[in-house]
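One-letter residues, chain by chain:
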Amino acid sequence: MIVHTINKEAIYSYLEEINDPEVPVLSIIDLGIVRDVKMNNEEIEVVITPTYTGCPAMDMITTTIKIQLATLGFKKIKVTQALSPAWTTEWMSEEGKRKLKEYGIAPPNPKQQVCDQILFAAAEAVQCPHCESYHTHRISEFGSTACKALYQCDDCKEPFDYFKCH
Amino acid sequence: MNSLIDYTLHLADNALILGQRNSEWCGHGPVLEQDIAITNISLDLIGQARNFYQYAATLIGDNATEDSLAYLRKEREFKNALLIEQPNVDWAQTILRQFFFSQYQYLIFDQLQHSKDKQLAAIAEKSLKEITYHLRWSSEWVIRLGDGTEESHRRMQKAIDELWRYTGELFEASNYELEAMKDGFGVAVSQLKDEWMNKVKEIFSEATLSIPEKTFMQTGGKEGKHTEHLGYILTELQYMQRAYPGCEW
């Protein structure tokens with residue numbers, strides 16, 4: 001493939017095919033972690049930002065981006081990490097939120113609440129992704145990955161993951 | 001330049017060693033949810049450590065990597081504060097150590113995010129969201145245990161009596177911290193003491209806990225003079241790279 005005919009939009013659509021290894025239903029574009037793409041003939045740089053500081057998926061995502069772009073004929077591929085501005089769930093696409101819910105993970109509420117310093121605050125009201133009831137309660141502030149909390153629905157009784165606001 | 005490297009390593013070592021300490025709870029937490037909580041905090045801290053080590057490695061050059069800095073430096077080269085390396089003992093002491101550190105880290109990073117050094121500022125900005133989380137969680141637990149049962153109160157007070165002697169060092173600036181401050185990229189730790197103390201007193205009063213009187217403050221960790229505990233942590237942490245140099249995951 002002749003690389004110089006590929007435009008930025010096409011690159012984004014290729015990146016759209018790369019999923020987050022821990023939440024495989026989301027692409028890295030849905031997650032909002034791709035911050036920039038810089039192209040110059042056969043050179044390309046993709047700037048990504050981690051969701052959480054210790055997110056162990058970042059190394060794998062970096063490798064996958066490099067492999068994906070290499071198949072397009074780029075000779076020099078650089079993936080850099082930008083920490084500032086810090087990632088927020090506000091950058092997650094509406095499409096991403098819809099996919100999360102369909103997958104059984106409650107998407108982040110629009111307003112950031114977890115970073116409040118108020119002690120013993122009431123748990124966020126989260127909608128059950130299965131039966132859509134708001135009659136749910138938090139089991140644990142921390143879940144299977146850094147970005148999730150554990151909830152249970154009081155109506156359909158199903159436990160579920162909640163992608164925390166961050 | 002040297003002070004920037006030392007300062008960055010100091011921040012990295014604090015995060016790595018506490019991350020390693022907390023991770024000892026993995027599979028041993030008092031209840032499953034809190035086992036997950038403390039190991040999640042470990043993950044955040046190790047993430048911070050990686051960011052700082054990666055930055056330090058670029059400053060040092062000479063083939064230094066985040067791994068060589070974490071796995072191949074000796075005890076005397078580690079610059080973490082003494083508080084960080086103290087053993088877990090029980091849930092009370094683990095919680096208290098986390099609370100003291102998170103409160104301290106919160107105050108530092110709140111200023112560090114405006115550092116003249118862009119990378120330190122970015123790491124601080126990114127980490128601050130998570131630190132807020134750690135601080136809230138550990139503050140709640142100090143109150144819950146302090147104002148809880150007779151036994152939880154006794155254990156919490158015992159932890160305070162044990163760890164208080166290591167809190168003075170946090171606010172005593174080392175040479176590299178002084179230089180970092182002078183050059184405009186570091187935080188003046190001595191000026192954070194009053195605010196830290198007020199926050200601690202606030203939580204302790206709600207938790208019905210008290211601060212010990214007249215304590216001799218132990219120092220030296222920031223300059224590489226550690227308690228006997230650090231050697232044991234490093235032995236475990238560095239074992240694979242020492243036994244099988246260059247081995248990869």
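Residues numbered from 1 in each chain as written. Chains lettered and ligands numbered in written order. Predicted model: local features only at pLDDT ≥ 70, side-chain atom pairs only at ≥ 80, totals over all residues.

Chemist: I'd love a proper account of the overall build of chain B, names of residues and values included.
Modeler: Counting its regular elements, chain B contains 10 helices and 0 strands. Across chain B, helices and strands are ordered from the amino to the carboxyl terminus as α-α-α-α-α-α-α-α-α-α. Taking 18 Å as the expected radius of gyration for a compact globule of 249 residues, we find that chain B reaches 18 Å, a close match to that expectation. Projected onto its principal axes, the C-alpha coordinates of chain B cover approximately 55 × 40 × 35 Å. Classification of the 249 residues of chain B by burial places 47% in the buried group. Sequence separation of at least 24 residues holds for 75% of the intrachain contacts in chain B that already meet a minimum separation of 6. (Helix = DSSP H or I, 4+ residues; strand = E, 2+ residues; numbered from the N terminus. Rg over C-alpha atoms; globule rule 2.2 N^0.38 Å. Buried ≥ 20, exposed ≤ 12 C-beta atoms within 10 Å, placed from the backbone. Contact = placed C-beta atoms within 7 Å.)

Chemist: Any chance you could break down the interface of chain A and chain B for me, citing the residues and the numbers?
Modeler: Taken together, the 19 residues of chain A in the interface contact 25 residues of chain B. Residue composition of the side of chain A that touches chain B, grouped by class: 11 nonpolar, 7 polar and 1 charged. (Nonpolar A, V, L, I, M, F, W, Y, C, P; charged D, E, K, R; others polar.)

Chemist: So what about the sheet that holds strand β2 (residues 43-48) of chain A? Which residues, and what values?
Modeler: Residue and element names in this part refer to chain A. Reading across the sheet, the 3 strands line up as β1-β2-β3 and stay open at both edges, with mixed pairing between neighbours. The open sheet is flanked by β1 (34-40) and β3 (76-81), the only strands paired with a single partner. Within the sheet, the average angular offset between the axes of one strand and its neighbour, ignoring direction, is 15°. Where helix α3 (residues 57-70) meets the sheet, its contacts fall on β2 and β3, and the angle it forms with β3 comes to roughly 155°. (Pairing = 2+ DSSP bridges. Axes fitted to C-alpha atoms, helices over the stretch in contact; angles between N-to-C directions.)

Chemist: Tell me what's going on with the nonpolar core, and back it up with residues and numbers.
Modeler: The biggest cluster of nonpolar side chains holds 107 residues, and the ones touching the most others in it are B:Ala12, B:Phe52, B:Leu96 and B:Val142. Split by domain, the residues of this core number at least three in each of domain 1 (3-81) and domain 2 (93-163) of chain A. Sequence-distant contacts of B:Val142, that is, excluding residues within four places in its chain, are made with B:Ile95, B:Leu96, B:Phe99, B:Met156, B:Ile203 and B:Ala207. (Core = buried A, V, L, I, M, F, W, Y, C linked by C-beta atoms within 7 Å. Domains from an automatic or database assignment.)

Chemist: Go over the sheet that holds strand β6 (residues 148-153) of chain A with me, naming the residues and quoting the values.
Modeler: Residue and element names in this part refer to chain A. Within the open sheet, the 4 strands sit side by side as β4-β7-β6-β5. Their pairing is mixed. On the outer flanks of this sheet lie β4 (105-106) and β5 (136-140), each paired with one strand and no other. Two elements, β6 and strand β7 (residues 159-163), share 5 bridges in a ladder whose sense is antiparallel. Paired with leucine 150 across the two strands is aspartate 161, which belongs to β7.

Chemist: Can you lay out the domain arrangement of chain A for me, pointing to particular residues and giving the numbers?
Modeler: How large an interface is tends to be reported as the accessible area lost when its parts come together. Residues and elements named next belong to chain A. Partitioning chain A into structural domains gives domain 1 (3-81) and domain 2 (93-163). One C-alpha centre belongs to domain 1, the other to domain 2, and the line joining them spans 28 Å. Taken together, the contact pairs 11 residues of domain 1 with 10 residues of domain 2.

Chemist: Now, about helix α7 (residues 150-163) of chain B: what can you tell me, with residues and values included?
Modeler: Residue and element names in this part refer to chain B. In this model, α7 (14 residues) spans 20 Å end to end at C-alpha, consistent with the 20 Å of a helix rising 1.5 Å per residue. Those residues of α7 lying buried are Arg155, Met156, Gln157, Ala159 and Ile160. Buried residues along α7 sit in contact with α5 (91-112) and α6 (118-146). (Expected span 1.5 Å × (residues − 1).)

Chemist: Explain the packing of α6(B) against α7(B) to me, and be specific about the residues and the numbers.
Modeler: All names here are of chain B. For the pair α6 and α7, the least separation of the axes is 7 Å and the interaxial angle reads 125°. Here α7 runs oblique to α6, going by the angle between their axes. Judged by residue contacts, Val142, Leu145 and Gly146 of α6 engage Ser152, His153 and Met156 from α7. Looking at the contact of α6 with α7, its residues break down into 3 nonpolar, 3 polar and no charged. (Parallel < 35°, antiparallel > 145°, perpendicular 65-115°, else oblique.)

Chemist: Residues and numbers for the environment of A:Val46, please.
Modeler: Turning to its location among the elements, A:Val46 is positioned in strand β2. When the C-alpha positions of A:Val46 and A:Phe142 are compared, they lie 31 Å apart, and in sequence the two are 96 residues distant.

Chemist: Can you tell me about the confidence of the model for chain B, naming the residues and giving the values?
Modeler: Of the residues in chain B, 100% have a pLDDT of 70 or more, and the chain-wide mean is 96. Of the two predicted TM-score estimates for the complex, the pTM is 0.93 and the ipTM is 0.86. (pLDDT = per-residue confidence, 0-100.)

Chemist: I'd like to hear about the pairing of β2(A), residue by residue, with values.
Modeler: The two faces of a sheet get side chains in turn, since along a regular strand they alternate between them. Residue and element names in this part refer to chain A. Only one face of β2 is covered, namely the one carrying Ile44, Val46 and Ile48; the face carrying Glu43, Glu45 and Val47 has none of its residues buried. Where β1 meets β2, 6 bridges bridge the pair, whose relative direction is antiparallel. Residue pairing across strands places methionine 39 opposite isoleucine 44, the latter belonging to β2. Hairpin remark: β1 followed by β2, antiparallel, with 2 residues in the connecting loop; positive phi at asparagine 41, about 50°.

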